[in-house]
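# A closer look at the structure
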Amino acid sequence: MGGSHSREYLLESSDSEREEEEEEGNYEDATGEDSERRVKTPSSIDDVEAKLKALKLKYSSTHNPKLNNAVKLYLHVGGNTPNAKWVTSEKLTSYSFVRTRRIDDDDEDEDEDEAEEDGESSWVLKVGSKIRTKVGAEMQLKTFGDQRRVDFVARGVWAMKFFTEQDYNAFVAEFQKCVFENTHGVEATEENKLKVYGKDFIGWAKPEAADDSMWEDADDSFSKSPGSATPLRGNQDLREEFEEAANGGIQSLALGALDNSFLVGDTGIQVVKNFAHGIHGKGAFVNFGDRYQNAGSSLVHSTPKKTLLMKAETNMLLMSPMGGGKLHSTGLHQLDIETGKVVTEWMFGKDGTEITMRDIANDSKGAQLDPSGSTFLGLDDNRLCRWDMRDRNGIVQNLADSNAKTDTPVLNWAQGHQFSRGTNFQCFATTGDGSIVVGSLDGKIRLYSINSMRQAKTAFPGLGSPVTHVDVTFDGKWIVGTTDTYLVLICSIFTDKDGKAKTGFAGRMGNRIAAPRLLKLNPLDSHLAGVNNKFRNAQFSWVTENGKQERHIVATVGKFSVIWNFQQVKDGSHECYHNQQGLKSCYCYKIVLRDDSIVDSRFMHDRFAVTDSPEAPLVIATPMKVSSFSMSSKR
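Criteria and thresholds
Here, residues in each chain are numbered from 1, in the same order as that chain's written sequence. Per-residue local features are limited, in this predicted model, to residues with pLDDT of at least 70; the limit for side-chain atom pairs, both in listing and counting, is 80 or more; totals at the level of whole chains, interfaces and linings are taken over all residues. Computation of side-chain values covers all heavy atoms of the structure but excludes hydrogens and water. Joining through side-chain atoms within 4.5 Å is the link that ties buried Ala, Val, Leu, Ile, Met, Phe, Trp, Tyr and Cys residues into a set, and such a set is a nonpolar core. Burial classes follow relative accessibility: with a 1.4 Å probe on protein chains only, a residue under 20% of its type's maximum area counts as buried, one over 50% as exposed, and anything between as partly exposed. Two residues form a contact once any of their heavy atoms are found within 4.5 Å. A pair of strands is treated as paired once DSSP finds two or more bridges between them. Helix and strand definitions here come from DSSP, where helices need a minimum of 4 consecutive H or I residues and strands a minimum of 2 consecutive E residues; each element is numbered from the N-terminal end. Axis definition: a line fitted to C-alpha atoms, limited for helices to the stretch in contact. Angles are taken between N-to-C directions and run from 0 to 180 degrees. By definition here, a salt bridge exists when the distance from a side-chain nitrogen of Lys or Arg to a carboxyl oxygen of Asp or Glu is within 4 Å. Side-chain rings of Phe, Tyr and Trp, where Trp is taken by its six-membered ring, are said to pair if the distance between their centres is within 6.5 Å; with planes under 30 degrees apart they count as stacked, over 60 as edge-to-face, and otherwise as tilted. The rule is short: NZ of Lys or CZ of Arg within 6 Å of the ring centre and within 35 degrees of the ring normal puts a charge over the ring.

This brings us to the nonpolar core. Side chains of a nonpolar character, in soluble globular proteins, are inclined to be buried together. Grouped together as the largest cluster of nonpolar side chains are 36 residues, with contacts concentrated most on L487, L489, I553, V562, W564 and C586. Those residues in contact with V562, other than ones at most four positions away along the chain, are L521, I553, V554, A555, V557, Y589, K590 and I591. The next biggest cluster of nonpolar side chains, apart from the first, holds 26 residues, and it includes V488, F494, M509 and L518.

If you want it as structure tokens, here you go:
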């Protein structure tokens, strides 16, 4: 398992000499993340330091001052096997940033002026004759200022060592300029950065100028002691409690906070029991049945891609995409879990016209526990609204009595707004009090108060990548957005003109805004995850009570479930942030590797946390299996 799918890239032959390979064979990531879960670490840090010092001496003797942008190039070989190591690929080579319309290695360079005239050119990083790749977040570039080194992905995992600190700083600065231009399509001038991010969000472009104190001043309910931090090495505190085969074809996971959780598959829903050590037990299986599959119905009946528990978790809303690659839906089904029957079909409509929705959410973090709840939220590309399942005439269609298309009730548009300009909403989530956070295609994250859906109180600018999923803590102080290549963590706390602490849901933050932090995979793990695997569904652990603080963030990428310690990420003195330039990026995480692509990874409700584990179990679902892991507090 793990790196076999990428080994064809990692085992490319190196042109280094045999004695050089032996000398550099133990050259490893001094931070330890690349090998902490897979490869034995060196006998001591002193040994690594000695090797690094020896390398620096050798650089000084081999450096050719006449070679511009000179670097030493390394290649990581061996994937995630015990034999994994860095080998020297080029003792002395050089890099350059080239502007061109052509990206592939086999294409020849194009004249820079000609490329600029075309208007569709991009900056490309070339290193000798071996690397030619578009500059962007996909490279997963990781900097090591204390080692004058950068690691990155380009059809393999590479490292470049610079001969002087000045060389290193020059590369990082130029790289950041090229990323900005490739991302936003304009030159990386101060004026353009101001236009892209806005004057209130200059910290997005200049993190050193932002007010970072908000991260440290956040009021947390548990200690900042080292014992609450995720260990940097090993997964001995993350143990698998239970794994069992599902009935097959799991498409989504609906965790309950009460007695049961639900595995939604191709043909129906499997009910499982919630325990303090995870979910298991093959309970009832609810077949979608003929009623759900009825060809005469007005709704499309593909496998539900979105589920929502309601009415004290006795009912579930099932929303299926229209098909043809479209994520939108024209309506949904209401399933009575206790009887196992679809009791109502609902259509989405406004002012007599059928409309679509791409996402639905509960009114608040704990709304699914309300036995009388009858409303929920809906999101489409340019719509944000609240739906009410109470029919205007006081009667809701009973599917047992009617099959006619005309009898399908239309949900009541209770509140909301249809935006005239393209907002390109993608995803949303709610806080404990019902405030709403929305992620967009352009990367913007908007905050709406519980009182109005017409205008966002705060709109955080995008970093250039679409936000595909968003989550928020119960207290509304922290937001995590998912993009394909990284997670963006935002602090919504600010101090108003009267000196009171508020969140961006309750008031306009002005320019008193902390810079975001990024959560990333290191280049090796990113490469092992696979070219086509992207981050999905980053979520905080689950609390629904004031005064309790979420402890972890979990996201899925391919066969990896990736877990960050939330408190550690917020700690500005955390070692990941040392010697970094630009937005602070955290690479300290745990990985759980499964045999198959992961459907979803989520923490159970915190009521299932036990005395020896401050965090409720983590549940990981693949198409054929579901596993539960306990987050032990033992160190």
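So, about the sheet that holds strand β17 (residues 341–347). Ordered in space as β14-β15-β16-β17, the four strands form an open sheet in which the pairing is antiparallel. The open sheet terminates on both sides in strands that have one partner only, identified here as β14 (306–310) and β17. Averaged over all neighbouring strand pairs, the angle between strand axes comes to 25 degrees, with direction disregarded. Pairing geometry for β14 and strand β15 (residues 315–319), over five bridges, is antiparallel. Across the sheet, residue T307 finds its bridge partner in β15, namely L318.

All told, the structure shown has 19 salt bridges when counted by the stated rule. In this structure, the salt-bridge partner of K130 is E90, at a minimum N-O distance of 3.9 Å. One end of the pair, K130, is in the loop between β3 (122–127) and β4 (131–134); the other, E90, is in strand β2 (residues 85–100), and 40 residues separate them in sequence. With a closest N to O distance of 3.0 Å, D381 and R358 form a salt bridge. Of the two residues, D381 is situated in the loop between β21 (375–380) and β22 (383–388) and R358 in the loop between β19 (353–354) and β20 (359–361); the sequence distance between them amounts to 23 residues. The exposure class of R358 is buried, given its relative accessible area of 16%. A single salt-bridge network, built from bridges that share partners, covers E243, R594 and K625.

A few words now on the packing of aromatic side chains. Under the counting rule described, the total for this entry stands at 19 aromatic pairs. Measuring from centroid to centroid gives 6.0 Å for F171 and F175, while their planes differ by 25 degrees, and the two rings are stacked. With F171 and F175 both in helix α5 (residues 165–184), this residue pair falls four residues apart, about one helical turn. In terms of burial, F171 and F175 fall into one category: buried. Residues F419 and F425 carry aromatic rings whose centres are separated by 5.4 Å and whose planes lie at 90 degrees to one another, so their mutual orientation is edge-to-face. Here F419 matches F425 in class, with each residue buried. Through a chain of ring-to-ring contacts, the aromatic side chains of Y95, F97, F162, Y168, F171 and F175 assemble into a single cluster. It is K350 that lies over the ring of W413; its NZ or CZ is 4.9 Å from the centre. The lysine or arginine in question, R602, covers the ring of W542, its NZ or CZ lying 5.8 Å from the ring centre.

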